[in-house]
Amino acid sequence: MKTGKHITLIACLTLLALLSPCWGAGLLNPINGSADAVYMKSHHVDVTINNGFARTEVDQVFGNNSGRDLEATYSFPLPKQASLSELSLWIDGHEVLGEVLEKQQARQVYQQQRDQGKDTALAEKNDYKTFEVKVSPVRAQGQTRVRLVYYQPLEIDSNIGRYLYPMAEGGVDEERMAFWAVDDQVHESFRFNLTLKSAFPVRELRVPQYDQQAVIQKANDAQSEEGSQGDTYTVTIDSPEGDALNRDIVVYYRLADDIPARLELIPYRQGPGAGTFMTVVTPAADLSRLTDGVDWTFVLDISGSMKGGKIATLARGVSQVIGKMNPNDRYRIITFNNNAYDYTRGYVPATPAHIQNTLSQIQQIQANGGTNLFAGLQMAYQGLDADRTSGVILATDGVANVGQTQHAAFLRFIQQSDVRLFTFVIGNSANQPLLERLARDSGGFAMNISDSDDIIGRIIQAKNKVLFERMQNVELSFSGPGITDVTPTHLPNLYQGQQLIVLGRYSQPGPIEITLKARICGQDQQWQCQAMLPEQDGLNPELERIWALSRIDEVMERIREQGESSSHKEQVIQLATEYSLVTDYTSMVVLDVAEQENQGIQTRNAQRVQRERQAQQAKAQQPVRSHRVDHQAQTDTPSTDNSSPRKDNNKPQQKSPQPKHRNDQGMFQGRRSPGFGGGTGPVGPLMLGVLVWARKKRERKSR
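Thresholds applied
- Residues numbered from 1 in each chain as written.
- Predicted model: local features only at pLDDT ≥ 70, side-chain atom pairs only at ≥ 80, totals over all residues.
- Heavy atoms only, no water.
- Helix = DSSP H or I, 4+ residues; strand = E, 2+ residues; numbered from the N terminus.
- Buried < 20%, exposed > 50% of the residue type's maximum accessible area, 1.4 Å probe, protein only.
- Contact = heavy atoms within 4.5 Å.
- Pairing = 2+ DSSP bridges.
- Axes fitted to C-alpha atoms, helices over the stretch in contact; angles between N-to-C directions.
- Expected span 1.5 Å × (residues − 1).
- Phe/Tyr/Trp six-rings, centres within 6.5 Å; stacked < 30°, edge-to-face > 60°.
- Lys NZ or Arg CZ within 6 Å of the ring centre and 35° of its normal.
- 1 Å grid on protein atoms, 1.4 Å probe; cavity = no way out; pocket = protein on both sides within 12 Å on 5 of 7 lines; lining within 4 Å.
- Points joined across faces, edges and corners; volume = space filled by probe spheres on them.
- Nonpolar A, V, L, I, M, F, W, Y, C, P; charged D, E, K, R; others polar.

### Quick look at the side chain of Ser587
Inference 1: Relative to the helices and strands, Ser587 resides in strand β35 (residues 586-591).
Inference 2: With relative accessibility at 0%, the residue Ser587 sits in the buried group.
Inference 3: Apart from residues no more than four positions distant in its own chain, Ser587 is found in contact with Glu99, Val100, Leu101, Glu102, Lys103, Ala106, Leu122, Ala123, Glu124 and Val582.

### What about the sheet that holds strand β21 (residues 262-268)?
Inference 1: Ordered by their spatial adjacency, four strands build an open sheet running β21-β22-β32-β31, and the pairing between neighbours is antiparallel. The open sheet terminates on both sides in strands that have one partner only, identified here as β21 and β31 (483-487). Here the strands of the sheet are splayed against their neighbours by 20° on average, with no regard to which way each runs.
Inference 2: Pairing of β21 with strand β22 (residues 275-282) involves seven bridges; the strand directions are antiparallel. Looking at the pairing, Pro267 lines up with Phe277 of β22.

### Details of helix α9 (residues 542-562)
Inference 1: With 21 residues, α9 ought to run about 30 Å at 1.5 Å a step, and its terminal C-alpha atoms sit 31 Å apart, in line with that.
Inference 2: A positive phi of about 95° marks Gly563, the residue just after α9.

### With respect to the packing of aromatic side chains
Inference 1: Applying the stated criterion across every chain, the model contains 13 aromatic pairs.
Inference 2: A ring pair is formed by Phe374 and Phe410, whose centres lie 5.2 Å apart and whose planes are at 80°; its orientation type is edge-to-face. In this pair, Phe374 sits in helix α5 (residues 373-380) while Phe410 sits in helix α6 (residues 407-415), placing the two residues 36 residues apart along the sequence. Each member of the pair, Phe374 as well as Phe410, carries the same accessibility label: buried.
Inference 3: A centroid spacing of 5.2 Å and a plane angle of 65° characterise the contact between Phe445 and Tyr495, whose relative ring orientation is edge-to-face. Taken as a pair, Phe445 in the loop between α7 (432-442) and β29 (446-449) and Tyr495 in the loop between β31 and β32 (500-506) lie far apart in primary sequence, 50 residues in all. For the pair shown, Phe445 and Tyr495 are each scored as buried.
Inference 4: Chaining the aromatic ring pairs together yields one cluster made of Phe62, Tyr74, Phe76 and Phe131.
Inference 5: Looking at Arg505, its charged tip hangs above the ring of Trp547, at a distance of 4.9 Å from the centre.

### Comments concerning empty space enclosed by the protein
Inference 1: Tallying each qualifying case throughout the model produces nine cavities of 30 Å³ or more.
Inference 2: The space that makes up the largest cavity amounts to roughly 310 Å³.
Inference 3: Asn51, Gly52, Ile156, Phe200 and Glu264 are, among the 24 residues lining the largest cavity, the residues nearest its centre.
Inference 4: For the lining of the largest cavity, the class distribution of residues is 12 nonpolar, seven polar and five charged.

Any functional reading would require information that these geometric values do not contain.
Structure representation (structure tokens):
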């Protein structure tokens with residue numbers, strides 16, 4: 001098989017399948033139990049996107065109409081790469097923060113406090129699926145206020161940023177669904193506020209499924225500390241009479257077309273201890289377009305979890321892709337539930353007659369049975385033509401429950417084939433650890449799809465990647481004293497428009513050299529620049545949690561592949577308790593301050609939250625800050641970043657030395673970050689959805 005020719009995309013359509021979730025985030029009630037009187041009175045969300053990551057704060061009030069005290073259990077889908085770092089409960093009118101303990105210990109403390117009728121709360125993680133928050137008691141004829149906060153890194157893909165607030169339930173946990181009923185209704189007030197602060201100009205912002213309700217406002221153009229032009233946007237969705245928590249909120253923002261390729265270094269160091277940094281690389285390498293005809297294999301999940309609107313959405317997604325094929329393309333459709341089936345019986349030429357016939361057949365597909373994902377993958381890898389470029393598109397949430405289900409078995413299968421796998425992770429509660437690992441190990445990429453996404457735009461994003469060559473054997477290294485614990489250890493291939501995010505720790509401030517290496521179109525290329533790690537910069541303490549979560553994810557990856565060991569489990573617990581994170585082995589429990597002292601529970605998280613909140617207040621009062629360190633010096637094209645030495649916490653920092661560029665053929669030098677230009681994608685002006693949004697926006701303004 002010719003590696004350069006076989007770009008096998010596996011996983012693109014399952015993302016399309018989740019447009020009609022079974023139920024959403026909300027309060028859990030036993031299906032066979034009595035109807036409890038606990039309800040969600042209000043649900044308020046505040047999001048801040050700044051410096052490459054997002055902070056999401058959820059403030060809820062639960063009410064109780066009954067004559068007795070009750071317990072409330074609130075569940076919501078697990079956000080991708082989210083570090084749940086705050087759980088607050090208001091006790092006697094005062095906020096009390098939760099602390100992280102080992103999972104079993106935290107549960108025992110909660111149950112003890114609950115049984116004694118004392119105010120308490122517990123946050124637990126249900127593998128890759130959900131977070132669950134228990135609160136007790138919700139007083140009879142009273143109300144209880146709870147707040148949670150999580151952080152997550154965000155990536156810019158082809159100059160398009162995407163933030164997801166997950167509420168739609170994926171419907172993949174059958175055991176849970178058989179026991180619980182979900183009350184997803186907010187009775188009085190639902191509000192979502194998002195503030196986007198960008199050091200680079202933002203061309204457009206869009207909320208696809210909420211264009212009627214969302215109020216989008218642009219603040220005055222903001223000057224960054226370095227004098228470059230930035231933007232600040234706000235998004236507000238306000239439903240005073242309440243709403244149902246069964247639709248995701250997806251916010252797209254598109255940077256200006258002339259935004260440069262760049263390297264950003266975001267530091268945090270407070271006092272004499274170790275510092276933390278996050279590096280964001282946005283390359284603009286010369287990636288050759290593939291011009292030959294493509295063989296597309298669609299692998300469609302038609303198991304029982306795809307019933308209803310999911311299977312219809314899946315059919316529409318396939319229709320859109322097949323309808324945009326070139327005349328010299330071919331396609332094949334494989335479906336799977338308990339077994340796999342070659343639906344088209346081999347490849348079919350992408351002629352209008354064949355396409356129309358196939359589309360009419362797809363509309364008749366019925367969802368039922370289990371999910372034999374392994375069988376679907378096996379059939380997809382069979383019958384590939386070695387002389388043609390191949391794209392395999394798998395539509396699934398990856399929750400295998402029939403046939404081979406072991407994580408390690410999937411990895412061994414992928415390693416046996418020299419074929420790239422592209423996974424499209426459909427909906428919330430999907431098996432992201434498995435699907436993303438399969439994509440990375442095969443040299444492909446994973447893309448997440450929500451039911452509230454611009455589905456066609458996301459497909460076009462994916463298609464624009466796989467039709468170009470990739471950056472292989474990617475290495476990002478840091479040369480300087482005292483740099484340790486760089487994560488992730490294994491870097492993926494990079495495709496058109498993708499970013500690379502790497503975190504690390506440092507014990508010695510001062511200059512470092514950053515080197516990016518990759519093989520592009522058969523040639524080894526390299527780019528280097530120097531940057532400065534500050535002695536003190538206290539504006540981004542959240543980086544410590546994001547770094548720790550990345551380390552935990554790597555350990556959990558080994559556990560899923562090799563099985564649990566005491567050493568791996570201890571690594572997760574040690575990192576999670578030190579940095580106050582909810583994981584598979586740790587939970588966050590809230591109890592009265594006096595009870596914390598009685599039980600000898602340390603207030604690590606309370607101290608960490610205090611630093612984070614102080615930093616949030618400081619950043620809110622400061623100009624938009626650019627963290628570029630490449631500066632684009634020594635290039636033929638003038639830089640758009642007029643950087644100057646900046647001050648961190650009123651302390652002058654040294655100016656970064658001039659960068660060095662070696663054999664990079666314009667990977668960063670004066671080149672734009674790859675985007676959709678004036679064309680397509682979730683925020684592209686030629687997309688029908690954007691045209692509708694723009695028209696509605698004009699109509700609202702004219703009223």
